[in-house]
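Chains, contacts and geometry: an overview
One letter stands for each residue in the lines below.
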Amino acid sequence: MMTILNMQKRRGTYIIFTFVVNFLVMLWFTTSCAPQKNVPSQGILKGSLVLEKNVIDSQVEEGDGQSLADIDGDGSNNIIIGTGDGGEVYWYKKSSSTEWSKHLIADGFIEIEGTIAADFNNDGLIEVIILDQATADPSQPNVYIAKQDTDDPTEAWSVSVLDKDAPHVQQGISYDVNENGFLDFVYAYEGATNGEGGFYWLENNGGNPVISTNWTKHEIGKMDGAWWIDYNSPKDFNNNGNSGDILVSARSGGRSPSAARGGIFIFFRPQNPTDLWEKMAIDTSFTTLHVSSGNLTKNGDDRDIVAGASHDSDDFGLYIYDFSNGWKKIELESDHNWWGTYAFDINKNGNAEIISGERTDNTIRIYAYNETQKKYILQVSDSLLKPDDQIIFDDINKNGHVTDFFVGSDPDGLFWYETFKFED
């Protein structure tokens, strides 16, 4: 049509137009028919699962309490980590394919177990909540927040106390619990004596986040041995239209209070989240540490649960709980000692893979659903001492896919893994 119309114009114009059209057609054919790697819009990724370890820092003392945020505002996430055997918190920037620069956020703590990085006052700068178990000195505070003093995060940070009484604090997540436009902080602490432990949230009232009076502490539910909050929470676990529910675990044995019994639970957020939250027990038959939710039964629902037994348990299994079938318990493995268990859909096929550390043989493993055997099977593994504790996925190698993860190790340091090799 366009060529016919241009025939009415001068001959030179027609020739030029025809040349341009032919060039564009050839360019389209060449680019669309050439072999390409998968891009996110193509859905399921084609390739194979791998575990290829890369060292970030082999000198950090028990890399623990990781979080992820774009601290320097360059469009790429930075990894934040604390030292479980020391009192420092650092952030790292990837400066080349193999090199990372290390920057101090704060020091002088005792035993860092968690960090949570977010923009809590909506000013465009990242703050970092720091969880210090302070086991060696129980008189010290437990929950702090660090804020950049300038726009340059390599310069000084100010630190203040948010909660001085959270004994054996372990871990937390941030989300807008009361939906007021500010991120709140939800956290777990075991307690040092009976009756101290539980799950709580700090309500962010806005303003300067390093001023403690801008935060209000609320109880979710008391629980001795309160340990973990699913990083894939919050979700609507009871189909009431409220997506603020959290999946949690409690620990028993070890240094937990004697009243701690352990297990897997869900807390349902009430209409007024400052009220106590309803609790439902999923499984209290064994002690687990880390729990995670995702689509694990090919039912299209991401509220299935995976959890593994810990070294404090008489049970040594790795289990899935089927949400659509009344939390039916499905055994994946019958032994071992599980740590850092996490569910994440690596190849974007709709079914999550299971990543977990196994401390009997000191490996990190990926399990994937096998269509032929109709169950999860071990796909790949690599040697790694205790993964401590979070496994956080990101596009670390900048190929356009979130298929890599960060993990700290006790006592090895801080690493990242590539988990997927694409077909050409």
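Higher on the page you've got the structure.
**With respect to the overall build of the protein chain**
Each helix and strand counted, the protein chain has 2 helices and 28 strands in total. By the compact-globule yardstick of 22 Å for 424 residues, the protein chain fits well, its C-alpha radius of gyration being 25 Å. Principal-axis analysis of the C-alpha atoms gives the protein chain an extent of 90 × 55 × 45 Å. Expressed as a percentage of its 424 residues, the buried residues of the protein chain come to 55%. Sequence-distant contacts in the protein chain: of pairs separated by 6 or more residues, those separated by 24 or more amount to 48%. Roughly 18100 Å² of accessible area belongs to the protein chain as shown, and the carbon and sulfur atoms make up 50% of that amount. The protein chain carries 31 positive and 65 negative side-chain charges, and their two centres are separated by 9 Å.

**Describing the pairing of strand β23 (residues 353-358)**
The element β23 is largely enclosed, with a buried count of 6 among its 6 residues. Side chains E353, I355 and G357 of β23 all project onto a buried face; the interleaved residues I354, S356 and E358 project onto the opposite face, where all are buried too. Bridge analysis of strand β22 (residues 338-344) against β23 gives 5 bridges, and the strand direction is antiparallel. Considered in β23, the bridge of W339 is made with G357. In this structure, β23 lies alongside strand β24 (residues 363-370), joined through 5 bridges in antiparallel fashion. Residue pairing across strands places E358 opposite T363, the latter belonging to β24.

**Details of the nonpolar core**
With 20 residues, the main nonpolar core has I346, I355, I364, I391, F393 and F405 as its most contacted residues. Those elements that provide at least two residues to this core are β1 (47-57), β22, β24, β26 (387-394), β27 (404-409) and β28 (413-422). It is β28 that contributes the most residues to this core, 4 residues altogether. For F405, the residues in contact, after removing those within four places along its chain, are L51, I355, I364, I391, I392, F393, I396, F415, W416, Y417 and T419. Membership of the second largest hydrophobic core comes to 19 residues, among which are L247, A307, Y319 and W327.

**Some points on the pairing of strand β2 (residues 63-69)**
A large share of β2 lies buried, amounting to 6 of its 7 residues. Of the strand pairs in this sheet, β2 and strand β3 (residues 78-83) are connected by 5 bridges, and their pairing is antiparallel. The residue bridging L68 from the neighbouring strand is I79, located in β3.

**Description of the sheet that holds β23**
Spatially, the 4 strands line up as an open sheet ordered β22-β23-β24-β25, and their pairing is antiparallel. Two strands bound the open sheet, and with one partner strand each, they are β22 and β25 (375-383). Direction aside, neighbouring strands of the sheet carry axes that sit 20 degrees apart on average. With 8 bridges connecting them, β24 and β25 associate as antiparallel partners. The partner of Y367 across the bridge, within β25, is L378.

**Considerations on the environment of S285**
One can find S285 in the loop between β17 (278-283) and β18 (288-294). For the pair S285 and A309, spaced 24 residues apart in sequence, the C-alpha to C-alpha distance is 10.0 Å. Side chain to side chain, S285 and D283 meet in a polar contact 2.6 Å long.

**Side note on the packing of aromatic side chains**
Applying the stated rule across the entire model yields 20 aromatic pairs. Taking the centre distance of 4.9 Å and the plane angle of 70 degrees together, the rings of F109 and Y144 count as edge-to-face. Of this pair, F109 sits in the loop between β5 (100-106) and β6 (112-118) while Y144 is found in strand β8 (residues 143-148), placing the two residues 35 residues apart along the sequence. Judged by its relative accessible area of 12%, F109 falls in the buried class. A residue is classified by how much of its surface remains accessible, and Y144, at 11% relative accessible area, is buried. Taken together, the ring pairs connect Y342, F344, F393, F405 and Y417 into an aromatic cluster. The positively charged end of K217 is found above the aromatic ring belonging to Y200, 4.7 Å away from the centroid. For R359, the ring lying beneath its charged end belongs to W339, and the centroid distance is 4.9 Å.

**Regarding a negative patch on the surface**
Residues D149, D151, D152 and E155 make up a contiguous surface patch of negative charge. Tracing the chain through its elements places E155 in the loop between β8 and β9 (157-163). A residue is classified by how much of its surface remains accessible, and E155, at 40% relative accessible area, is partly exposed.

What counts as what
Residues numbered from 1 in each chain as written. Predicted model: local features only at pLDDT ≥ 70, side-chain atom pairs only at ≥ 80, totals over all residues. Heavy atoms only, no water. Helix = DSSP H or I, 4+ residues; strand = E, 2+ residues; numbered from the N terminus. Rg over C-alpha atoms; globule rule 2.2 N^0.38 Å. Buried < 20%, exposed > 50% of the residue type's maximum accessible area, 1.4 Å probe, protein only. Contact = heavy atoms within 4.5 Å. Areas by Shrake-Rupley, 256 points an atom, 1.4 Å probe, with all protein chains shown as cover. Lys, Arg positive; Asp, Glu negative; His and termini not counted. Charge placed at Lys NZ, Arg CZ, Asp CG, Glu CD. Pairing = 2+ DSSP bridges. Core = buried A, V, L, I, M, F, W, Y, C linked by side-chain atoms within 4.5 Å. Axes fitted to C-alpha atoms, helices over the stretch in contact; angles between N-to-C directions. Polar contact = N/O pair within 3.5 Å; in protein donor to acceptor, adjacent residues only side chain to side chain. Phe/Tyr/Trp six-rings, centres within 6.5 Å; stacked < 30°, edge-to-face > 60°. Lys NZ or Arg CZ within 6 Å of the ring centre and 35° of its normal. Patch = residues over 30% accessible without salt bridge, like charges linked within 9 Å, V, L, I, M, F, W, Y side chains within 5 Å. Salt bridge = Lys/Arg side-chain N within 4 Å of Asp/Glu carboxyl O.

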